[in-house]
Every structure is written in structure tokens, then in C-alpha cells.
Amino acid sequence: MDVIIDVKRHSYDELLVLEDIKVHVREGEIVAVIGPSGCGKSTLLGIVGGILKASEGSVFLDGKPPADCLNPLTFIFQDFALLPWRTVAQNVGLPLEHHRLPSGQRNARIADALARTGLTDFAGALPKQLSGGMKQRVGIARALVVKPAVLLMDEPLSALDAQTRDLLMEDFLDLLLRERIAGIYVTHNFQEALRLADRVVVLSRRPGRIKEVVSIPIPQRERTDKAAVITLADLGNKLWSLIRDEASVADREVIHE
Amino acid sequence: MSEIAASGPSVLPSSGSPQRREVEFRGGGFMAVPQPLYSWVAFAGIIALWQVSISAGWIDPVFLPSPASICIALWQLVVSGDLWIHMSASLSRIGTGWFIGTGLGLAIGVAMGLNSSARAVGMPLVSAIYPVPKIALLPLLILWLGIGETPKVVTIASGVFFPTIIATLAGVDAVPRNLIRMAQSFNMPTSGIIWKIMMPSALPGILSGFRISVSTALILVVAAEMIGAQYGIGAFLLTAGNLMQSDDLMAGVVILSILGLSIGAAITVFERIFLRWR
């Protein structure tokens with residue numbers, strides 16, 4: 001299933017946040033979105049996922065979702081967005097509760113999502129008993145349980161410590177490639193973008209416009225090879241050069257709520 | 001080929017330097033440490049001092065009866081059956097008034113939390129009526145509803161109603177928006193968002209409101225019974241006061257204290273069961 005983003009403009013009252021964003025995310029493709037703080041990356045993701053309405057423009061889905069897909073566009077949140085009063089299994093099962101699934105099928109989906117994220121032994125735990133990395137695994141399992149076509153990820157690893165981030169990123173990548181799930185991955189972190197994405201969309205300072213789309217010509221499985229290191233470092237330098245000056249200016253701007 | 005030098009355990013310099021000194025501890029304090037023994041000792045100490053003051057004749061027992069005479073008065077209330085008559089009258093009024101006021105307050109608080117129009121209509125009314133001491137309405141309610149149980153129950157219900165609205169509204173407002181967006185991103189229907197996300201999330205605020213409203217109900221039942229009732233703790237207190245039976249009067253105060261503590265403990269148990277996730 002493809003996602004076609006055609007957002008002409010989006011503003012909060014008088015504040016123009018996004019302008020002329022046209023991106024085509026193909027089936028199974030992972031697209032990272034980077035840009036200076038406040039450039040509208042998360043807003044763009046909200047518009048793509050239908051929880052924000054663009055002031056002008058639309059987002060389209062093209063193609064059939066996978067079999068058994070209950071929610072083609074599914075978010076993974078930066079702050080996990082877990083219900084603290086529910087156990088891991090109950091959190092994972094939440095998106096199934098308003099679908100008329102037989103209980104056997106529902107339980108099988110939950111068990112499968114827990115198994116794929118290594119959470120089977122934690123099914124009865126409450127979120128407060130889990131580390132940040134484990135909480136995000138619950139967020140991932142909750143996304144997988146609906147068998148999504150496209151994952152919308154808003155800095156899903158940024159709340160985690162560096163070691164957990166590295167570990168989870170590899171699991172994440174493995175999952176995306178194995179399941180052939182497309183993804184739009186918003187991040188500040190070049191390393192994550194270069195590790196996960198097929199293409200990196202670089203946004204300018206607010207109002208966010210597409211400054212450049214950088215393709216990464218190395219398959220994700222080969223990016224940890226020594227031969228890829230120099231190419232990826234060059235790409236990292238290129239990405240940084242594209243946003244460095246604007247990031248510095250954005251850092252000194254007043255935050256608009 | 002470069003090699004990384006192997007590192008062993010670190011070695012500290014010898015303590016020969018005259019400038020060497022230990023870093024002083026500067027932290028600690030500013031933290032509540034549970035001291036249950038202190039609480040019991042202080043409580044027992046005050047009771048003992050009180051008893052000694054009366055027994056030694058330092059205080060006139062007409063003004064302040066001794067703990068022993070209060071205990072005797074309490075025992076007489078129990079064996080005569082009067083305690084149950086007064087308690088059942090008060091508890092029945094508190095229970096009815098509290099359930100009516102809380103039920104309506106919850107419903108209207110949730111409606112105001114979810115619906116901007118309901119909030120716009122309700123907020124000025126709540127703000128205007130909330131500060132009015134509800135006992136001031138009792139004479140008017142007696143005029144409207146007669147001298148029976150109804151005005152007392154309505155007084156309690158109205159006293160409970162407003163704090164419940166405010167607590168519920170604050171609880172609904174405090175529901176993290178990211179949880180609502182998460183549910184919306186899975187196409188959860190509005191009823192599901194209300195019952196599965198908003199209400200459980202607002203529950204701590206609502207239970208805090210219950211704690212306040214129960215205390216309000218207790219105050220109002222005593223006040224209402226002092227104005228017009230034959231039975232009830234308030235009526236008992238008023239009669240004891242009029243007859244200068246200070247031991248009975250203090251026994252009534254002790255009953256109210258035990259009642260308040262019991263209700264508070266019940267809410268704590270309720271919180272432990274329903275808010276164990278916190």
C-alpha cells in the first residue's frame with residue numbers, strides 16, 4: 001500500500017508550519033523525515049495519520065492493505081502512550097476491542113504480537129514495572145497487533161538511553177524488513193535515519209518545506225558492513241550540512257504552542 | 001597495527017598530601033520519614049495529660065470532660081441503643097444525599113469536560129453557586145420541601161454536587177491528550193475513548209473529589225440536623241449542648257471523628273483497589 005502526501009500548506013492560526021510537501025511512500029519503503037526543531041515533522045506525521053487536518057491539501061492511500069489489516073496507518077509514539085492501568089497484554093489488545101473478532105483470533109493476535117516483540121513473559125506486567133525500552137516494545141506490539149500497512153513513527157527511540165536505542169533500533173529494522181511494512185520515521189537523529197531509511201526527506205526551518213530528498217543506496221542489511229561506513233558517513237555529513245545553519249537559528253526561536 | 005593497552009585496577013595515591021581532605025556530606029533531610037511510634041506516643045500522651053488535668057482539678061469537667069467520662073458516655077450510648085438510632089438517621093441522610101449529589105455531579109462534570117457548550121453554560125453557574133454555604137439554603141429548602149427528610153438530603157446533595165463537578169471536570173481535563181490521540185489513531189469510537197481512556201484516567205481526580213465531598217456531607221448532616229431533626233448525631237449534639245451534658249457532647253464529637261476516619265479509610269481502600277496501577 002502506497003501513501004501519497006500532498007500537503008499544500010498547514011498553519012496554526014497565523015503561524016504557517018508546513019508548505020508544499022509532496023512525498024510518495026511506496027509499499028514496503030521506509031522514509032525518514034528530518035529537519036530542525038519546530039519545522040513541522042510531527043505535525044506532518046499527524047496529518048499523514050489523520051489525527052490532524054491539513055489546512056490545505058490531502059493524504060491518499062493507494063493499493064490494498066495486507067490481509068487481516070485492521071488499521072492501515074498505525075502510529076508508534078515517542079512517549080509510548082500506554083494506559084498505565086492496563087497490563088502489557090491489555091494494552092496490546094486495546095486496538096482490537098472495538099473490532100468484532102472472535103476471542104480466539106483476538107488472543108492469537110495478541111500472543112503473536114507479544115512474541116514478535118519479546119514480551120511474552122511480561123504479558124501481565126503493568127507499564128510502571130517496565131523500562132523505557134520495554135515500554136516502547138509494548139507500543140510496537142500494540143501497532144503490530146492490527147497488522148498495519150504503514151507505520152508512522154514519531155521519534156520512537158528518542159526517549160530511550162543510547163544503549164537501549166541501539167538494541168531496539170536493530171529489532172525495529174529487523175521487524176520492518178521481515179514484515180515488509182512501510183514506515184515514515186520522524187527523527188532528529190541522523191544515525192537512526194541512515195540506519196533505517198531508504199530515503200531521507202530533509203525539511204527546512206519553519207515553515208517546513210522539502211529541502212532535499214536523499215536516497216541511501218545501500219540495503220539496510222549491509223549498512224553495518226565496513227564497506228558502507230564511509231558512504232554513510234558522507235551521507236551523514238551531507239544531511240548535517242543541509243540543516244546545520246537552520247538548526248542553529250531554530251534553536252534560538254520562541255516556541256509557539 | 002595499533003593495540004589497546006590493557007588496563008588493570010585503578011590505584012589511589014597515598015594519603016601523604018597535607019591538602020587531602022574528605023568531602024563532607026551535604027545532602028539529606030527535607031524528606032518525610034514515617035514515624036508511626038511518635039504518632040501513637042503523642043496521641044497517648046495528650047490523652048494522659050488531659051485525664052491528669054481533670055483528675056487533679058486543673059480543669060473544670062463541665063467545660064472539658066475527662067477522657068474516662070467520655071468513654072463512659074460512649075458506652076452508655078452503645079448499651080442504650082441510642083447510638084444506633086442517631087447513627088442510622090445520620091448515615092441514611094449522608095448516604096442518600098451523597099449518592100444523589102455525587103451521581104449528578106459526576107454526570108454533569110463529565111458532560112462539561114467533554115462538551116464545550118455544556119462547559120460554557122455550566123461553568124459560570126458552578127462558579128457562582130459553589131462558594132455559597134449550602135446550609136444557608138436549608139431554610140429555603142424547608143420552605144419549598146417541608147420539614148421532613150427531603151430538605152436535609154437535598155442540602156447534603158447540593159453540598160456534594162459542586163465539589164464533585166469541579167473534581168470530575170479537573171480529572172477529565174487532566175487526561176493526557178496523547179492517550180486520546182493514540183485511541184483515535186486506532187479508530188476507537190467516542191464511547192470507547194470515554195469509557196476506556198478518559199474515565200479510568202480521570203479516576204484519581206474523581207476519588208480525590210470524593211474525599212472532599214464526604215467531609216462536606218458530614219459537616220452538612222450535622223448542621224442540618226441541628227436546625228431541624230429529632231434523631232441524628234447533629235440533633236444529639238445540640239440536645240447535649242443545651243443540657244450542658246458535655247460528656248455526651250464530646251462523645252458525639254468522638255463519634256463524628258470515628259465516622260470521618262472510617263469513611264476516609266474506606267476511600268483509601270477503594271483507591272488501593274482501583275488505583276493500584278499508580
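Parameters and conventions
Residues numbered from 1 in each chain as written. Chains lettered and ligands numbered in written order. Predicted model: local features only at pLDDT ≥ 70, side-chain atom pairs only at ≥ 80, totals over all residues. Heavy atoms only, no water. Helix = DSSP H or I, 4+ residues; strand = E, 2+ residues; numbered from the N terminus. Rg over C-alpha atoms; globule rule 2.2 N^0.38 Å. Buried < 20%, exposed > 50% of the residue type's maximum accessible area, 1.4 Å probe, protein only. Contact = heavy atoms within 4.5 Å. Areas by Shrake-Rupley, 256 points an atom, 1.4 Å probe, with all protein chains shown as cover. Buried area = accessible area lost by both parts, 1.4 Å probe. Salt bridge = Lys/Arg side-chain N within 4 Å of Asp/Glu carboxyl O. Polar contact = N/O pair within 3.5 Å; in protein donor to acceptor, adjacent residues only side chain to side chain. Nonpolar A, V, L, I, M, F, W, Y, C, P; charged D, E, K, R; others polar. Domains from an automatic or database assignment. Expected span 1.5 Å × (residues − 1). Arc of directions from axis to C-beta. Phe/Tyr/Trp six-rings, centres within 6.5 Å; stacked < 30°, edge-to-face > 60°. Axes fitted to C-alpha atoms, helices over the stretch in contact; angles between N-to-C directions. Parallel < 35°, antiparallel > 145°, perpendicular 65-115°, else oblique. Left-handed = near helix turned anticlockwise from the far one by under 90°. Core = buried A, V, L, I, M, F, W, Y, C linked by side-chain atoms within 4.5 Å.

This part is about the overall build of chain B. A count of helical and extended segments in chain B gives ten helices and zero strands. Order of helices (α) and strands (β) in chain B, N terminus to C terminus: α-α-α-α-α-α-α-α-α-α. Taken against the 2.2 N^0.38 rule, which gives 19 Å for 278 residues, the C-alpha radius of gyration of chain B at 28 Å runs more than 25% over that of a compact globule. Each principal axis of the C-alpha atoms in chain B carries an extent, and together these give about 100 × 65 × 30 Å. Per-residue burial for chain B yields a buried fraction of 36% across its 278 residues. In chain B, the proportion of contacts linking residues at least 24 apart, taken out of those at least 6 apart, comes to 68%. When the accessible surface of chain B is totalled, it reaches about 17,100 Å², and 70% of it is carbon and sulfur.

Across the boundary between the two partners, chain B contributes 17 residues, which contact 22 residues of chain A. Of the roughly 1,800 Å² buried at the junction of chain B and chain A (both faces included), carbon and sulfur atoms supply 67%. There are one salt bridge connecting chain B and chain A. Between Glu97 of chain A and Lys196 of chain B there is a salt bridge; the shortest N-O distance is 3.0 Å. For the pair chain B and chain A, the number of links is eight residue pairs in polar contact (both at pLDDT 80 or more). Every element with two or more residues in the side of chain B that touches chain A is listed here: helix H7 (177-185) and helix H8 (190-228) of chain B. Counting residues per element, the side of chain B that touches chain A draws most heavily on H7 of chain B, at six residues. Its residues placed into classes, the side of chain B that touches chain A shows eight nonpolar, five polar and four charged.

Turning next to the domain arrangement of chain A. Residues and elements named next belong to chain A. Per the domain assignment, the segments of chain A are domain 1 (1-63 + 151-161 + 178-257) and domain 2 (66-148). Computed from C-alpha coordinates alone, the two centres of domain 1 and domain 2 are separated by 25 Å. Every contact between the two is made by 20 residues of domain 1 and, on the other side, 15 residues of domain 2. Across the domain 1/domain 2 interface, buried area totals approximately 1,500 Å², and carbon plus sulfur atoms make up 70% of it. For domain 1, the biggest contributors to the area lost against domain 2 are Leu151, Leu152 and Leu160; these three give 32% of the whole. At the boundary of domain 1 with domain 2, the tally comes to one salt bridge. Glu179 is the partner of Arg116 in a salt bridge, and the nearest nitrogen-oxygen pair spans 2.6 Å. Connecting domain 1 to domain 2 are seven residue pairs in polar contact (both at pLDDT 80 or more). When residues of the side of domain 1 that touches domain 2 are traced back to their parent elements, those giving at least two are helix H1 (41-48), strand E6 (150-154) and helix H5 (162-179). The element best represented in the side of domain 1 that touches domain 2 is E6, accounting for four residues.

The subject of this paragraph is the pattern of salt bridges. A full pass over the atoms with the stated rule returns 20 salt bridges over all chains. Each of Asp112, Arg116, Asp174, Arg178, Glu179 and Arg221 of chain A takes part in one network of salt bridges that share partners.

Okay, H5 of chain A next. Residue and element names in this part refer to chain A. With 18 residues, H5 should cover 26 Å at 1.5 Å per step; its first-to-last C-alpha distance of 25 Å lies within 8% of that length. Among all positions of H5, only Leu168, Met169, Phe172, Leu173, Leu175 and Leu176 are buried. One face of H5 carries all of its buried residues, which in axial projection span an arc of 165°. Pointing more than 90 degrees away from the buried face of H5 are the exposed residues Gln163 and Leu167. Where H5 begins, the capping side chain belongs to Asp161, and its oxygen is found 3.2 Å from the backbone nitrogen of Gln163. Positive phi shows up at Arg180, right after H5, with a value of about 55°.

Quick look at the packing of aromatic side chains now. Residues and elements named next belong to chain B. Summed over the entire model, instances satisfying the criterion amount to nine aromatic pairs over all chains. Note on Trp98 and Phe210: the rings are 5.1 Å apart at their centroids and 75° apart in plane angle, and the pair reads as edge-to-face. One end of the pair, Trp98, is in helix H3 (residues 82-114); the other, Phe210, is in helix H8, with 112 residues separating them in the sequence. In this structure Phe210 comes out as buried when scored by relative accessible area, which is 13%. Feature note: the residues Trp98, Phe99 and Phe210 constitute an aromatic cluster, connected by ring pairs.

Moving on, we get to the packing of H3 of chain B against helix H4 (residues 116-129) of chain B. Residue and element names in this part refer to chain B. The geometry of H3 relative to H4 is characterised by a closest axis approach of 6 Å and an angle of 125° between their N-to-C directions. One element, H3, and the other, H4, form an angle in the oblique class. The hand of the H3/H4 crossing is left-handed. The residues of H4 that touch H3, namely those facing Ala111, Met112, Gly113 and Leu114, are Ser116, Ala118, Arg119, Gly122, Met123 and Val126. Across the contact of H3 with H4, the residue classes tally to six nonpolar, three polar and one charged.

Residues Ile5 and Val92 of chain A together with Ile197 of chain B are the most contacted members of the largest nonpolar core, which totals 112 residues. Looking at this core element by element, the count peaks at 15 residues for H8 of chain B. In this structure, this core is formed jointly by two domains, domain 1 (1-63 + 151-161 + 178-257) and domain 2 (66-148) of chain A, each of which donates at least three residues. For Val92 of chain A, the contacting residues outside a window of four places in its chain are Ile110, Ala113, Leu114, Val138, Ala141, Arg142 and Val145 of chain A. Ranked by size, the runner-up nonpolar core spans 17 residues in total, among them Leu194, Val214, Ile218 and Leu232 of chain A.

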